[in-house]
Amino acid sequence: MKNQNAFVILLILNIVYGLTLLAYPLMLMLAVFSFDAPTAGDHLISYIFVYIMMSYPLGVFISWSCWYFYHRYAFKKAYIIANFMLLWPAALVVSSLIQSAFS
């Protein structure tokens, strides 16, 4: 094992992110139902919210690529790639702030 501490941290992060994929179908249904109101399609922010929701698995798969950097002894880059998923909640917060500003 190259770096036991990095291995454990990356493994825990990847397991947690992988387990969140189990709730992804429910979140995708919530995104579809965000167009429930007759005027929901008129707002661009609704589409942005749905695209952010649909892109969630991409972040998990990118996060799983941290093992490439781990095997190349680039542990800092591996931590950065593993925490790439933290950008997704930030995008949701920004999206909701924009939506509340225009509502």
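Worth saying up front: this structure is predicted, and the values here are computed from it rather than measured.

The next subject is the overall build of the protein. When helices and strands are tallied, the protein shows seven helices and zero strands. Computed over its C-alpha atoms, the radius of gyration of the protein comes to 17 Å, more than 25% above the 13 Å expected for a compact globule of 103 residues. With respect to the principal axes defined by its C-alpha atoms, the protein has extents near 55 × 25 × 15 Å. Out of the 103 residues belonging to the protein, those deemed buried represent 27%. When contacts within the protein are restricted to residue pairs at least 6 apart in sequence, long-range pairs at least 24 apart make up 71% of them. Of the accessible surface of the protein, which amounts to about 7,000 Å², a share of 75% is contributed by carbon and sulfur atoms.

Across the interface, helix 1 (residues 4-20) lies against helix 4 (residues 56-64) with an axial gap of 10 Å and an inter-helix angle of 160°. Considering their axes alone, helix 1 and helix 4 lie roughly antiparallel with respect to each other. Both helix 1 and helix 4 take part in a crossing whose hand is left-handed. Contacts between helix 1 and helix 4 involve Asn14, Tyr17, Gly18 and Thr20 from the first element and Tyr56, Val60, Ser63 and Trp64 from the second. Residues belonging to the contact of helix 1 with helix 4 are distributed by class as follows: four nonpolar, four polar and no charged.

Take Ser63: it is sitting in helix 4. The class of Ser63 is buried, set by a relative accessible area of 0%. Residues within four places of Ser63 in sequence aside, it is in contact with Asn14, Tyr17, Ile81, Ala82 and Met85.

What follows concerns a nonpolar patch on the surface. On the surface, a nonpolar cluster with roughly 600 Å² of combined accessible area is contributed by Leu26, Met27, Met29, Leu30, Val32 and Phe33. Position of Met27 among the secondary structure elements: in helix 2 (residues 24-32). Residue Met27 is classed as partly exposed on the basis of its relative accessible area, which comes to 32%.

This paragraph deals with the confidence of the model for the protein. Per-chain confidence: the protein averages 84 in pLDDT, with 90% of residues scoring 70 or above. Considering each helix and strand of the protein separately, the mean pLDDT is smallest for helix 3 (residues 44-54), with a value of 76, and largest for helix 5 (residues 66-71), with 94.

Right, let's talk about the packing of aromatic side chains for a bit. Inspection of the entire model under this criterion finds nine aromatic pairs. Ring-pair connections join several aromatic residues into one group, and the members of that group are Phe7, Trp67, Tyr70, Tyr73 and Phe75.

Calculation rules
Residues numbered from 1 in each chain as written. Predicted model: local features only at pLDDT ≥ 70, side-chain atom pairs only at ≥ 80, totals over all residues. Heavy atoms only, no water. Helix = DSSP H or I, 4+ residues; strand = E, 2+ residues; numbered from the N terminus. Rg over C-alpha atoms; globule rule 2.2 N^0.38 Å. Buried < 20%, exposed > 50% of the residue type's maximum accessible area, 1.4 Å probe, protein only. Contact = heavy atoms within 4.5 Å. Areas by Shrake-Rupley, 256 points an atom, 1.4 Å probe, with all protein chains shown as cover. Axes fitted to C-alpha atoms, helices over the stretch in contact; angles between N-to-C directions. Parallel < 35°, antiparallel > 145°, perpendicular 65-115°, else oblique. Left-handed = near helix turned anticlockwise from the far one by under 90°. Nonpolar A, V, L, I, M, F, W, Y, C, P; charged D, E, K, R; others polar. Patch = residues over 30% accessible without salt bridge, like charges linked within 9 Å, V, L, I, M, F, W, Y side chains within 5 Å. Salt bridge = Lys/Arg side-chain N within 4 Å of Asp/Glu carboxyl O. pLDDT = per-residue confidence, 0-100. Phe/Tyr/Trp six-rings, centres within 6.5 Å; stacked < 30°, edge-to-face > 60°.

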